[in-house]
Amino acid sequence: MTTLVMGPLLGLESETQYSICFLAGADCKGASVRVNGKLLAASKQADTPKGGFWRAIWSAPAKVKTSTIDYEILLDGVPVQDLAGASQWQFHLPGLKDQVLIGYASCNGFSDFKLLTSTPQPYAMWDKLAAEHGASPFSLLLMGGDQVYADSLWTTVPTLKAWNELDRVEKVKRKATRTMVEQLDRFYCELYCKQWGRPEVATMLARVPSAMMWDDHDIFDGWGSYPADLQGCEVYQAIYAAATKYFRLFQLRSGVNGTLLDPAKLTHHSWLLNFRGYQILALDNRATRTQTQVMSRGQWDQVNQALAGCSQGHLLIMAGVPVVYRDFSFTEAALDATPWEEELTDDLKDHWRAKAHEGERARLIMRLLDNAQQRRKVDKGASRTLILSGDVHVGCLGVIQDRRVGKGVMNVHQLVSSGIVHPCPTQFQWMGILAMTNDDPEYLDESRLIRTELIKPFGAPVYLRTRNFATLQMGSDGKLWANWHCENGLAASYPLA
């Protein structure tokens with residue numbers, strides 16, 4: 001009997017279009033999904049070492065009232081169960097006039113095995129997320145990077161382990177063998193199945209529609225911030241190709257996802273999703289990243305075109321690494337002057353405030369401020385702009401404030417939620433970060449009218465040094481409320497006005 005190997009994974013691809021994806025055993029000849037009694041054919045998107053990846057699309061009717069949608073999966077005509085024994089799943093379909101509840105999370109894993117073994121309840125925050133969903137159902141879960149942690153590839157992929165022991169010159173010259181490519185393909189397939197097969201994670205991914213964008217650990221730590229010879233060598237490119245295949249399948253629900261900005265060439269994976277008054281623009285800050293750029297010129301052109309089309313409603317920008325955060329420039333400059341620069345600074349060069357990315361960061365900020373001004377005119381000041389970010393393993397709130405003449409005060413806020421699984425820095429690590437960086441207010445123009453800074457959420461310090469996830473919902477007061485749900489019991493919130 002054909003089995004369900006992984007899934008289901010529920011995705012959102014438009015205002016009314018939902019995708020249901022799953023991994024079925026290699027012997028599966030045909031698959032379908034029954035949604036509220038209606039049978040939909042599923043199409044196979046790819047073969048993997050663990051079976052075929054299938055996808056079905058369901059278009060929601062325009063319902064005035066809230067409803068619950070039931071679905072089941074049939075393989076070769078027979079209903080099947082997931083790994084937890086469930087054979088039917090449900091999700092929440094909001095009514096046309098509902099103020100939808102959106103969840104946001106990042107950093108779903110561990111950067112090394114020691115962290116995993118020293119964390120008493122690794123997936124406690126997923127249980128808390130499920131409890132929130134039970135009390136007030138989510139309409140959408142946004143995941144902003146590091147949905148899996150692939151860093152173990154250096155010790156668990158035999159051919160990579162051997163390659164990594166070579167000297168730098170030899171590494172760059174070596175070819176990616178067929179055996180290496182096969183091992184990488186199996187590694188990423190098994191990684192997703194293992195990390196997303198956890199019952200705490202699988203429960204939510206089957207019952208809340210999600211939309212995701214990757215960051216470096218979905219490939220490996222620091223991807224895009226390495227020297228050009230390593231970044232472009234055949235082995236690194238083979239790793240990227242394998243990571244990309246499974247990112248497109250599991251996180252994007254295949255390359256035919258209708259939200260992609262570059263569906264024809266897929267040189268990058270930035271996407272735009274319109275949903276219940278929100279326009280959600282996810283920036284792929286990894287696919288075309290180098291030490292001198294975060295996004296390529298072609299990618300910028302498509303992002304700018306997408307922004308130009310965001311003329312009304314609330315704008316959510318997903319950027320894996322925070323745009324507003326502590327300043328690492330002094331530390332970066334100090335390390336650049338040492339012989340260990342290449343080994344020590346890939347994480348520093350990952351930050352938007354790295355010297356090579358300062359101009360590109362300013363361009364992004366100015367584009368967002370201009371867009372916010374345009375939407376303010378259309379919406380008469382009712383729209384909000386919010387950057388959603390993760391990566392740094394602490395939660396915090398930032399603001400970009402524009403006081404240029406004739407515009408009044410324009411705020412673009414940034415919410416950082418990180419991580420839902422990855423632990424926060426230890427006290428010792430955090431003291432080191434504080435000692436090497438600063439969070440002084442920053443001015444982006446000579447008139448000192450554009451200012452960025454970190455501010456305190458209500459009920460919390462500036463930095464939430466605890467595992468967390470966030471929720472977003474419009475309040476009856478007309479404000480967009482951001483709430484952080486923290487493992488240590490903090491209930492931080494902030495109204496975006």
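Fair warning: this is a prediction, and the values are worked out from it, not measured in the lab.

K.L.:
How should I be thinking about unusual backbone geometry in this particular structure?
P.N.:
Trans is the common state for peptide bonds, and a negative phi is the common state for residues other than glycine. The omega torsion of the bond from G7 to P8 falls at 5°, within 30 degrees of zero and hence cis. Assignment of secondary structure puts P8 in strand β1 (residues 4-12). A cis amide bond, omega -10°, links S418 with the succeeding residue G419. Its place among the elements puts G419 in the loop between β18 (410-416) and α15 (427-436). Positive phi is not limited to glycine here, since S254 has a value of about 95°. Take S254: it is sitting in the loop between α9 (234-251) and β13 (271-275). In the Ramachandran plot, R448 falls in the positive-phi region, its phi being about 60° despite a non-glycine side chain. Inspection of the secondary structure puts R448 in the loop between β19 (442-443) and β20 (450-455).

K.L.:
Hey, could you run me through the pairing of strand β4 (residues 38-41) in this one?
P.N.:
Looking down a regular strand, the side chains alternate between one sheet face and the other. Two strands pair when backbone bridges link them, and strand β3 (residues 31-35) and β4 are joined in this way by four bridges, in the antiparallel orientation. Within β4, the residue paired with V33 across the bridge is L40. Where β3 hands over to β4, the hairpin turn is made up of two residues, of which N36 adopts a positive phi near 50°.

K.L.:
What is the right way to read the pattern of salt bridges from this model?
P.N.:
Pairing is possible between side chains of opposite charge, provided their charged atoms come close. Under the definition given, this model contains 22 salt bridges. When the shortest N-O distance is used, the salt bridge between R168 and D229 registers 2.9 Å. Of this pair, R168 sits in helix α5 (residues 168-173) while D229 sits in helix α8 (residues 228-231), and the two are 61 residues apart along the sequence. Judged by its relative accessible area of 29%, R168 is partly exposed. Linking R174 and E170 is a salt bridge whose minimum nitrogen-to-oxygen distance equals 2.9 Å.

K.L.:
Would you explain the nonpolar core in this entry?
P.N.:
Within soluble globular proteins, side chains that are nonpolar tend to cluster in buried spots. Of all hydrophobic cores here, the largest spans 124 residues; its most connected members are W126, L142, Y188, F250 and W271. Summarising the domain contributions, this core has at least three residues from each of domain 1 (1-96) and domain 2 (99-496). Membership of the second largest hydrophobic core comes to 37 residues, among which are V392, C396, M410 and W430.

K.L.:
Before we go on, may I ask you to explain the domain arrangement of the protein chain in this structure?
P.N.:
Here the protein chain is partitioned into domain 1 (1-96) and domain 2 (99-496). Each of domain 1 and domain 2 has a C-alpha centre, and these two points are 28 Å apart. In this assembly, 31 residues from domain 1 lie in contact with 35 residues from domain 2. Together domain 1 and domain 2 conceal approximately 2,700 Å² of surface at their shared face, both sides included; 63% is due to carbon and sulfur atoms. When the area that domain 1 buries against domain 2 is broken down by residue, the three leading residues are L12, E15 and P49, summing to 22%. Where domain 1 meets domain 2, there are one salt bridge. Residues R276 and E15 are paired through a salt bridge, measuring 2.7 Å at the closest nitrogen-oxygen approach. Summed over the shared surface of domain 1 and domain 2, the result is 13 residue pairs in polar contact (both at pLDDT 80 or more). Secondary-structure elements contributing two or more residues to the side of domain 1 that touches domain 2 are β1, β2 (17-24), β5 (43-48), β6 (51-59) and β9 (89-93). Of the residues belonging to the side of domain 1 that touches domain 2, the class tally is 17 nonpolar, nine polar and five charged.

K.L.:
Where do I start with the environment of H217 in this structure?
P.N.:
Along the chain, H217 turns up in the loop between β12 (210-212) and α8. Overall, H217 belongs to the buried group, its relative accessible area being 6%. Between the C-alpha atoms of H217 and R198, which are 19 residues apart in sequence, the distance is 18 Å. Discounting residues that sit within four places of it in the chain, H217 has contacts with S111, D146, V148, Y149, A150 and D151. Here D151 takes part through its side chain, which lies 2.6 Å from a polar atom of the side chain of H217.

K.L.:
Could you clarify how one ought to interpret the side chain of N468 in this entry?
P.N.:
If you trace the backbone, N468 turns up in strand β21 (residues 468-474). A polar side-chain atom of N468 sits 2.9 Å from a polar atom in the side chain of S417. Those residues in contact with N468, other than ones at most four positions away along the chain, are M125, V394, G395, V416, S417, S418, G419, I420, W484, H485 and C486.

K.L.:
What exactly am I supposed to notice about the sheet that holds β19 here?
P.N.:
Hydrogen bonding along the main chain pairs the strands of a sheet, whether they run parallel or antiparallel. The strand order across the open sheet built from eight strands is β13-β14-β15-β16-β18-β17-β20-β19, with neighbouring strands paired in mixed fashion. Of all strands in the sheet, those bounded by a partner on one side alone are β13 and β19. Pairing of strand β16 (residues 385-389) with β18 involves four bridges; the strand directions are parallel. Following the sheet pairing, S389 is matched in β18 by V416. Helix α10 (residues 297-309) contacts β13, β14 (278-282) and β15 (314-318) of the sheet and is inclined by roughly 175° relative to β14. Contacts between helix α14 (residues 358-379) and the sheet are confined to β15, β16, β17 (396-402), β18, β19 and β20, with β18 contributing the most and set at about 120° to the helix.

What counts as what
Residues numbered from 1 in each chain as written. Predicted model: local features only at pLDDT ≥ 70, side-chain atom pairs only at ≥ 80, totals over all residues. Heavy atoms only, no water. Helix = DSSP H or I, 4+ residues; strand = E, 2+ residues; numbered from the N terminus. Pairing = 2+ DSSP bridges. Salt bridge = Lys/Arg side-chain N within 4 Å of Asp/Glu carboxyl O. Buried < 20%, exposed > 50% of the residue type's maximum accessible area, 1.4 Å probe, protein only. Core = buried A, V, L, I, M, F, W, Y, C linked by side-chain atoms within 4.5 Å. Domains from an automatic or database assignment. Contact = heavy atoms within 4.5 Å. Buried area = accessible area lost by both parts, 1.4 Å probe. Polar contact = N/O pair within 3.5 Å; in protein donor to acceptor, adjacent residues only side chain to side chain. Nonpolar A, V, L, I, M, F, W, Y, C, P; charged D, E, K, R; others polar. Axes fitted to C-alpha atoms, helices over the stretch in contact; angles between N-to-C directions.

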